[in-house]
Every structure is written in C-alpha cells, then in structure tokens.
Amino acid sequence: MTRSNGEPDTRYDRWLRCAEKRCCVESTVYVTARDVATIARTISVPPWEFAYADDAPIDADDGFALDATARRYRLALRRTSSPGEAAHCTFLLRFATGAARCGLGETRPASCRVFPLAGGEDACTCAIARAPRDDPADLAALAALGADRDAYARIVTMWNAFVVRSDTAFVLRDYCRFVLDAENAAGR
C-alpha cells in the first residue's frame, strides 16, 4: 500500500491501521528511565501509578533491586482488563468499533515505537513484522532505544549499589523517585 501522497507505507503507517493491537495485549512493555519520566511528565501521574516491578533475571541490565537479596525486577507498564477482555497495556484504548489505539500517542515508550524491530514478531498481526528493516527512521529509532537502554542500565547500576550499601528494603515508589531524579539531573 501507499500513502495518500504516493509514498510507500512505513511500518508506523501499518501499525496505526492495525485495529487489533495484539502487541499491546500479548507483550509486556518494559520501559526505560526516559520512558518513565516522559510519560509521567506528559500525563502528570507518578510512575508507580502506571508501572510495576516485574520479575527479572538476576543478570538483566535493567534488573533493579529493592533489597539486598539477589532478586531483581524490571520496570513494566501496568496491565489492565475489563470483564470478558484479556489483560492489556493500561494505555491501550479500545473503541466501540473494535479498533484500538495507544493512549500515549507519540509519548509511547521507545520499545513500542520500534516494535517489532527489537523483538516481538510473534505478537504482531499487522504485517509490520514483515516490513523492510532499512528505513532510516526505524534505524534511528533503534539507535535511540539502544542509547536509552544504556543510560537506563547506568541508572540501575547506581541504584543497585545504593541499595546494597544501605541495607534497607525499598518499595517501587522509592525506585521510581530515584529514576525521575536521575532523568531530571541528566536534563532529559
């Protein structure tokens, strides 16, 4: 297909047309510090209201501690559901027509903006998984996601060192405040 201006469809165009948004139902959306700060600022809601601590492998770069044990967590967007509906990303909007859209629009997390390029082809029903992977905008978005993940890994490393030194148990709210402070200090 082509756009109205005759240009070929982009992966993003195909994703927008996808009514099902199975990716938002079947995938857990892990977020970076930049994602959390951007969403929190945009919707004026603290991160602990829209994110949760999901279990993570001990060696995960984004695996944060809440106490001195080896248990690690990843920051993920909450999932919600209505009666008779599968759990889905809390920001997924479903319309009476059956169509679905991301309520965050351009504020959606970087991993969502590059989906399924950075994994997740199995959760895609929109044919975007089969899109060419050489679009300059996609390549730039993948590079930005990599940089965000690297910056977030450094924040997680600082937090984990703090947790071990303090010998105190923390809660998600404490971690999220640390993340927001780190993002504000970095000017992002």
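As shown above, the structure is provided for reference.
Everything quoted here is computed from the prediction, not taken from an experiment.

Would you mind going over the pairing of strand β2 (residues 72–77) in detail, with residue names and values included?
In terms of residue burial, β2 counts as a mostly covered element, since five of its six residues are buried. Relative to β2, strand β1 (residues 51–56) is paired through six bridges, and the arrangement is antiparallel. By the bridge assignment, Ala56 is partnered in β2 with Arg72.

Please provide a residue-by-residue account of the nonpolar core, values included.
Generally speaking, soluble globular proteins have nonpolar side chains that are buried together. In terms of nonpolar packing, the biggest core is built from 38 residues, with Phe64, Leu75, Leu77, Tyr152 and Tyr175 touching the most fellow members. Of all elements in the fold, only α2 (22–26), α3 (33–43), α4 (47–50), β2, β6 (100–102), α6 (136–166) and α7 (172–185) reach the threshold of two or more residues within this core. Considering every element that reaches this core, the biggest residue donor is α7, with six residues. Setting aside anything within four residues of it in sequence, one finds Phe64 in contact with Ala53, Arg71, Arg72, Tyr73, Arg74, Leu75, Tyr152, Val156, Trp159, Asn160, Leu172 and Tyr175.

So what's going on with α6? Residues and values would help.
When the terminal C-alpha atoms of α6 are compared, their 45 Å separation across 31 residues agrees well with the 45 Å that a helix rising 1.5 Å per residue should span. Among the residues of α6, those classed as buried are Asp138, Leu145, Asp148, Ala151, Tyr152, Ala153, Ile155, Val156, Trp159, Asn160 and Val163.

Residues and numbers for the packing of aromatic side chains, please.
Applying the stated criterion to the full structure yields eight aromatic pairs. The interplanar angle of 65° and the centroid separation of 5.1 Å between the aromatic rings of Trp159 and Phe170 together place this pair among those described as edge-to-face. Of this pair, Trp159 sits in helix α6 while Phe170 sits in the loop between α6 and α7; the two residues are eleven residues apart in sequence, bridging distant segments of the chain. Given the relative accessible area of 2%, Trp159 is considered buried. Classification of Phe170 by relative accessible area gives buried; the value is 16%. Among the aromatic residues, those joined into a cluster by ring pairs are Phe64, Tyr73, Trp159, Phe162, Phe170, Tyr175 and Phe178. In this structure, Arg74 packs its charged tip against the face of Tyr30, placed 5.2 Å from the ring centre.

Rules behind the numbers
Residues numbered from 1 in each chain as written. Predicted model: local features only at pLDDT ≥ 70, side-chain atom pairs only at ≥ 80, totals over all residues. Heavy atoms only, no water. Buried < 20%, exposed > 50% of the residue type's maximum accessible area, 1.4 Å probe, protein only. Helix = DSSP H or I, 4+ residues; strand = E, 2+ residues; numbered from the N terminus. Pairing = 2+ DSSP bridges. Core = buried A, V, L, I, M, F, W, Y, C linked by side-chain atoms within 4.5 Å. Contact = heavy atoms within 4.5 Å. Expected span 1.5 Å × (residues − 1). Phe/Tyr/Trp six-rings, centres within 6.5 Å; stacked < 30°, edge-to-face > 60°. Lys NZ or Arg CZ within 6 Å of the ring centre and 35° of its normal.

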